[in-house]
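Here are the chains, one letter per residue:
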Amino acid sequence: MNLEFFAQKCINYVFIIPLLPFLAFLLIVASGLKFRKLAPALSISAMFLAFIMACGVLYGRILSHNGPANEISFPWFSIGNFQLEIGFLVDNLTAMMVTMVSLIGGLIQIYSLGYMEHEKDAGFARFYAYMSLFSASMLGLVMANNFVEIYMFWELVGLCSYFLIGFWYNKKSASDAAKKAFVVTRFGDLGFLIGIIMLATLAGTANFLQVAGILPSINMVHGGIIAVIAVLLFMGAVGKSAQFPLQIWLPDAMEGPTPVSALIHAATMVAAGVFMVSRLYNIFSFAPSSLMLVAYIGAFTAFLAATIALVQNDIKSVLAYSTISQLGYMMLALGVGGYTAGNFHLLTHAFFKALLFLCAGSVIHALHTNDMREMGGVGKKMPITGITYLIGCLAIAGIPPFSGFFSKDEILSAVYNFSQPGAAFLKITGFLVVLMTAFYMFRSYIMTFCGQPRGKTEYKESKLNMTIPLTILAFFAAFIGFLGLPSMNLFRDFIHYGGVETVAESHLPMYLSLILAVLGILTAVALYNKKPVENESLLRSKFPLLYKFLENKWYMDDFWSLMVKYFLFGIAKVMSFIDTYIIDGIVRGIGALTYYLGVQLRYEQSGKAQQYMVIIMIFIATVLVGWQVAFKFFPLNILFGG
Amino acid sequence: MIGIEYYLILSLLLLLIGVYGAITLRHAIGILMSIELIFNAANINLIVFSQYMQSMLGQVFALFVIAIAAAEAAVGLAIIIMVYRNFHSVSVDEIDLLKW
């Protein structure tokens, strides 16, 4: 009984959840970033309290049995008839996201105690301040109840990622990566903003539930405009969730500290894009063509990133590309109508990707290198890290009973059952990526943790504050998949769109993906178990062109720099020309004309009193004569009553 | 009886002579004298209209104008003397400091 009361209170006061880490951020900043112990204490306790409340919210939502969403809102301001409110919408999706974000965020902050131990006091406190703000923004984002609010938090998330990617701002590459992440995601956000403005203008409100109610009538009146809006909104998700063609910022974001990468890749930032598409799924489902676009972009991104991940030697890069690839999976699932599947994968992915990143961070912390060619045999000296990393790999590769198996199976069944034209492409890429995922993840596992050491040998297992979060995450990564066990369908009952979707009847995709995953693992073992570095260079010499292509990331960076160089700078030059010569020309012309007239007219001021007198006489004479003439020809005296 | 128009023509002529003198003369005293002519043209008008309208108002006003003209002449001459002391000249086309 008490527990239910607590859950109800949590839902009623849900806005406290993002406020807690935000308060921690304010306090850390207010304390002048001086106190090494205070900052993490505040930050972690805020996250812990937020997690408790989030659990309450989740429990409350479970108790409500898919009841209507709880909404709290306060008016903010109004422009004309347009009411803007600041509000908090709690439905099942929010409950899931809030719990996930606060749990993973909290674990990452505990882990950072160990990982950031070499940081100076100010940097350490700054790190926790940003982490708190980042978590607060993401928690706010998932419970926003209107478009303006979600956009606000959306940008806050982007800003925090900028701060954290560029955390070591003295390093040129880090500050460059931060700028790149910010600018590239802003590019997508532009579309998001335009979409929001269009939709809010058409609907006359920014509230999600009200917009959802008005959508059918907009669709009746304006027809195709919803597809345009959906595509514009999706642009925001493309930027944030690093989908093709804006995926280029995510690998560079590895310049930040590893816990930041874990947070960005698992719980916040990239999850925001997928969450947004889920939140606005009603808009997307009004325009099936936009959903097709989502599916195609997702599938292509998954494929592209997986191929690049095959050849990366930096352990964090492998994980970065695998994130892009898995996000592609989520988009693919959402695009083919697998709302549950996409969100389930978002959840499981958050756990195993956070786990993988933190493991990689643990290795990097011990060995002081990112390069897998200088690792090898780490598993013997760091058994906890090794085993948890293996669990993460098994999960992401989709081996039962680990979590990734269930979520990926749902995605593949959704894709398999998809029968729109062009579905063959989606199916083939979907299954190919399973193979590649298993391959590159086990490649990274084998190169890092198996075989003989190839680099530094004096190191030991990380401390408890790093291994405990790893163990907890590993537990979730291993077992959270059972929520989606087909016979029970707990997750599907909790999160679904419209009616409960059709459950896959065929077991073919499951067997196929399992076979492909095992095949990928076996290939990786065969190629890399012995002499990984030598085999790698052998492969490289056999397929030089392919390697060059993949190592240059499909030349996407070059494509964008060319685009910027010629297209963007071209437009900028034209604009600059117009500004300098036409706009400024008009302004300067008016100034110059006035000056010229002044220069000429000043000679009238001769200083000779008699000359002035002549002018006055001529003026008076003209007025008198003119007055008479005017009244003769135009009898205006009527006007004066005469 | 001489018609009113003759007086008005006389006054107009006086005015034009005064204006012409004020514009063309170089000597400051000459200009002052020309301005006296313009004053007196106005005075003639005042008196003529006073007679024409059978009212004493115009004549009284003319007396005031003469008094003010005397004061004005005194002030004008004083200014001219000060100008002469500073510039060693009373030729108005040489006194043109207030210009561009």
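Bear in mind the structure is a predicted one, so any value in this text is a computation, not a measurement. (Residues numbered from 1 in each chain as written. Chains lettered and ligands numbered in written order. Predicted model: local features only at pLDDT ≥ 70, side-chain atom pairs only at ≥ 80, totals over all residues.)

Novice: Mind laying out the interface of chain B and chain A, listing which residues take part and the relevant values?
Specialist: Contact with chain B, which involves 10 residues of that partner, is made by 11 residues of chain A. A per-class count over the side of chain B that touches chain A returns 7 nonpolar, no polar and 3 charged. (Contact = placed C-beta atoms within 7 Å. Nonpolar A, V, L, I, M, F, W, Y, C, P; charged D, E, K, R; others polar.)

Novice: Which residues make up the packing of helix α14 (residues 288-309) of chain A against helix α15 (residues 315-335) of chain A, and what are the values?
Specialist: Residue and element names in this part refer to chain A. Two elements in contact, α14 and α15, have axes whose closest approach is 7 Å; the angle formed by their N-to-C orientations is 160°. As summarised for this structure, α14 and α15 are arranged roughly antiparallel, according to the angle between their axes. Along this stretch, α14 crosses α15, giving a crossing that reads as left-handed. The class makeup of the residues in the contact of α14 with α15 is 18 nonpolar, 6 polar and no charged. (Axes fitted to C-alpha atoms, helices over the stretch in contact; angles between N-to-C directions. Helix = DSSP H or I, 4+ residues; strand = E, 2+ residues; numbered from the N terminus. Parallel < 35°, antiparallel > 145°, perpendicular 65-115°, else oblique. Left-handed = near helix turned anticlockwise from the far one by under 90°.)

Novice: Explain helix α9 (residues 225-240) of chain A residue by residue, including any values.
Specialist: Residue and element names in this part refer to chain A. Between its terminal C-alpha atoms α9 stretches 23 Å, which fits the 22 Å expected from 16 residues at 1.5 Å a residue. Buried residues dominate α9, accounting for 12 of its 16 residues. Residues of α9 that are buried: Ile226, Ile229, Ala230, Leu232, Leu233, Phe234, Met235, Gly236, Ala237, Val238, Gly239 and Lys240. Buried-residue contacts for α9 involve α7 (172-203), α8 (208-222), α12 (270-279), α13 (281-286) and α14. Ala242 occupies a position one or two residues after α9 and carries a positive phi of about 55°. (Expected span 1.5 Å × (residues − 1). Buried ≥ 20, exposed ≤ 12 C-beta atoms within 10 Å, placed from the backbone.)

Novice: Would you mind going over the nonpolar core in detail, with residue names and values included?
Specialist: The tendency in soluble globular proteins is for nonpolar side chains to be buried as a group. Core analysis: the largest hydrophobic core is formed by 211 residues, its most contacted members being Leu332, Ala354, Leu355 and Ala477 of chain A. Ranked by residue count, the leading element in this core is helix α16 (residues 339-367) of chain A, at 18 residues. (Core = buried A, V, L, I, M, F, W, Y, C linked by C-beta atoms within 7 Å.)

Novice: Break down the pairing of strand β2 (residues 82-90) of chain A for me, citing the residues and quoting the values.
Specialist: Along a regular strand, successive side chains alternate from one face of the sheet to the other. All names here are of chain A. Sheet analysis places strand β1 (residues 70-79) next to β2, joined by 9 bridges and oriented antiparallel. Residue pairing in the sheet places Glu71 in a bridge with Leu89 of β2. In this antiparallel pair of consecutive strands, β1 and β2, the connection spans 2 residues, and Gly80 shows a positive phi of 60°. (Pairing = 2+ DSSP bridges.)

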